Amino acid sequence: MLNRIIRRFSNDMPKTQRRREFKYKSDKAILVAKPLESSPGFDPRVNYDEYEWLYNISEDAQAHLETITYLVVGAGFQFIGEPKAVERCEEFAAEVGFWDILENDVLTHLIFGNAYNFIVEEDNDFGFTLQVVHPKRVKIVTDEYGRIQFYWYDYNATFIGDPEYKFEPEDVLHFRFRQFADNVYGLSLLHNVYNKLSIKNKIEATAAAMAHRDAHRLLWAKVELTPEDEAINPKTGKTYAEEKLEAVNELLADRVKDNLDGTFTVSNNLVFDQTVELKDLSASHDFAGIAKILEHLQRQVDRALKVPKVFLGEAEGSNRATSYNQRRTFMLFIESIQRKFEAEINRKLIPRITDADVRFKFNNPLREDYSDWVDQAVKLYQAGVVTLGEAREWIDLPPEPPKEEE
């Protein structure tokens, strides 16, 4: 995907540019104390490598963010308006692979807080295409009032000297997550939970290593040495005591062998003379305490990353009313993301495709139990709150019932 982006971005872009290896200097996301140059508010670009690294190594981050992405985009989308104009929009969507771009954008804006599609010239029936770029290669330049002057693209992400690639705001689809106050950037969903996820991953790795090590009997050896053992072996130049200790240590060190399939083999064939005594070394690890710590961290992570357990294939452990409210709140969160994407696309992209009255809209990702919706529609109609047509639309039926043929 990245190589395709580089090739298609600009005819003037050097072909020798390649993706650099990421270097992580810290295991903590940085909280910027003051604005970076010409960008008011918190500038999250300083944390982009950290966010990407965390997403790549954390199963929690991947599961939650990808679930949100699939719910936002998975049900598809539609263009609503004049038939010919809708057909042209659908042709454009097929031309550029709009579904794949949107899926990329949603996931990217959750990881980094920002996702960008540059509207660039292209030799096709529409005269342009959409170019997906990595957020770390984009800097937003504003005036003293915080109004966006242009988007600065720099493949090397150094932003030194005069901008070579400048894009006007109307030529950039900018999808932000968690934008607040006068900040022109969005903020990653991973930001507030970064440290907890990092700690949780380290505890899990440590606990797994301890459990693996303690899965077999831990032994220690008591070696009795005689005065004769202090003599030096002329063949090796070592004392007999040193040789005996090395032999016992080597035998115990090779007792457990890791297999390629992740299991291990324990050898119980240990042979010593009467001067060596083996004893058990009991482990004193508090695995129950570690489990409680992990459960506490997991609850905090789940709360911060929004996704209810039922969407991750886990039991929620709550009653029906609580579960319903959790899912409904989560679906409102999904719909809020959809609305932000729809607004940006309808404001900047659709007018480039057609002059007709057409709007882009995501399909409903999920509805709760259909019978619940029917019951609500009936009650609202019976109470006189909505008309029959409104009640029918509530459950995705045409406003007017079909006429019976005489």
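Small disclaimer: the values here were computed from a predicted structure and weren't measured.

Asker: When you look at the pattern of salt bridges in this model, what are you seeing that I'm missing?
Answerer: Side-chain pairing between opposite charges can occur once the charged atoms of the two side chains come close. Per the stated rule, a full pass over the model turns up eleven salt bridges. Two residues, Glu344 and Arg347, come together in a salt bridge whose shortest N-O distance is 2.9 Å. Here Glu344 pairs with Arg347, and both are found in helix α9 (residues 320–353), just three residues apart, close to one helical turn. The closest approach of N and O atoms between Glu344 and Lys348, which form a salt bridge, is 3.0 Å. Taken together, the residues span about one helical turn, with Glu344 and Lys348 both in helix α9 at a distance of four residues. What makes Lys348 buried here is its relative accessible area of 10%. Through salt bridges with shared partners, one network takes in Asp60, Lys200 and Glu204.

Asker: How should the sheet that holds strand β3 (residues 128–133) be read in this particular structure?
Answerer: What holds strands together in a sheet is hydrogen bonding between their backbones, with the strands either parallel or antiparallel. Read across the sheet, three strands follow the order β3-β2-β7 without closing on themselves; strand pairing throughout is antiparallel. Looking along the sheet, the strands with just one partner apiece sit at the ends: β3 and β7 (172–176). Strand after strand, the sheet turns through a mean of 20 degrees between neighbouring axes, direction not considered. Two strands pair when backbone bridges link them, and strand β2 (residues 114–121) and β3 are joined in this way by six bridges, in the antiparallel orientation. When the bridges of β3 are listed, Val120 appears paired with Thr129. Helix α5 (residues 98–112) contacts β2, β3 and β7 of the sheet and is inclined by roughly 140 degrees relative to β2.

Asker: Can you help me understand the packing of aromatic side chains in this one?
Answerer: Any pair of aromatic rings gets described here by the distance separating the centres and the angle formed by the planes. Counted according to the given criterion, the structure contains 19 aromatic pairs. Ring geometry for Trp152 versus Phe159: centroids 5.4 Å apart, planes at 85 degrees, classification edge-to-face. In textbook terms, an aromatic cluster arises when at least three aromatic residues are bridged by ring pairs, as seen for Phe77, Phe79, Phe98, Trp99, Phe360 and Phe362. The residue whose ring lies beneath Lys166 is Phe150, and the NZ or CZ to ring-centre distance is 4.5 Å. The lysine or arginine in question, Lys306, covers the ring of Phe333, its NZ or CZ lying 6.0 Å from the ring centre.

Asker: What am I meant to see in helix α4 (residues 83–96) here?
Answerer: Quick reminder: α-helices carry 3.6 residues per turn. Residues three or four places apart thus point the same way. Compared with an ideal rise of 1.5 Å per residue, which puts 14 residues at 20 Å, α4 spans 20 Å between its outermost C-alpha atoms and is within 8% of the ideal. All buried positions along α4 are accounted for by Ala85, Val86, Cys89, Phe92, Ala93 and Val96. On an axial view of α4, the arc spanned by its buried residues comes to 120 degrees, and they lie on one face. Along α4, the residues that are exposed and aim more than 90 degrees away from the buried face are Pro83, Lys84 and Ala94.

Asker: Please explain a negative patch on the surface as it appears in this structure.
Answerer: The grouping of Glu87, Glu90, Glu91, Glu95, Glu122, Asp123 and Asp125 at the surface amounts to a negative patch. Relative to the helices and strands, Asp125 resides in the loop between β2 and β3. Residue classification places Asp125 among the exposed residues on the basis of a relative accessible area of 72%.

Asker: Would you mind showing me how to read the nonpolar core here?
Answerer: Side chains of a nonpolar character, in soluble globular proteins, are inclined to be buried together. One finds Ile68, Phe79, Phe98, Leu102, Leu190, Leu349 and Phe360 to be the most contacted residues of the largest nonpolar core, which totals 56 residues. Broken down by element, this core gets its largest block of residues, ten residues, from α9. When neighbours within four sequence positions are excluded, Phe98 is seen to be in contact with Phe77, Phe79, Ala93, Leu130, Ile345, Leu349 and Phe360. Ranked by size, the runner-up nonpolar core spans 14 residues in total, among them Phe118, Val120, Val138 and Tyr155.

Asker: Got a minute to help me understand the side chain of Asp229 in this structure?
Answerer: Along the chain, Asp229 turns up in the loop between β8 (219–223) and α7 (240–253). Look at Asp229 and you get buried, because its relative accessible area is 10%. Setting aside anything within four residues of it in sequence, one finds Asp229 in contact with Glu224, Thr239, Tyr240, Ala241 and Lys244.

Conventions used here
Residues numbered from 1 in each chain as written. Predicted model: local features only at pLDDT ≥ 70, side-chain atom pairs only at ≥ 80, totals over all residues. Heavy atoms only, no water. Salt bridge = Lys/Arg side-chain N within 4 Å of Asp/Glu carboxyl O. Helix = DSSP H or I, 4+ residues; strand = E, 2+ residues; numbered from the N terminus. Buried < 20%, exposed > 50% of the residue type's maximum accessible area, 1.4 Å probe, protein only. Pairing = 2+ DSSP bridges. Axes fitted to C-alpha atoms, helices over the stretch in contact; angles between N-to-C directions. Contact = heavy atoms within 4.5 Å. Phe/Tyr/Trp six-rings, centres within 6.5 Å; stacked < 30°, edge-to-face > 60°. Lys NZ or Arg CZ within 6 Å of the ring centre and 35° of its normal. Expected span 1.5 Å × (residues − 1). Arc of directions from axis to C-beta. Patch = residues over 30% accessible without salt bridge, like charges linked within 9 Å, V, L, I, M, F, W, Y side chains within 5 Å. Areas by Shrake-Rupley, 256 points an atom, 1.4 Å probe, with all protein chains shown as cover. Lys, Arg positive; Asp, Glu negative; His and termini not counted. Charge placed at Lys NZ, Arg CZ, Asp CG, Glu CD. Core = buried A, V, L, I, M, F, W, Y, C linked by side-chain atoms within 4.5 Å.

From the geometry alone we can't say anything about function, so treat these as descriptive.
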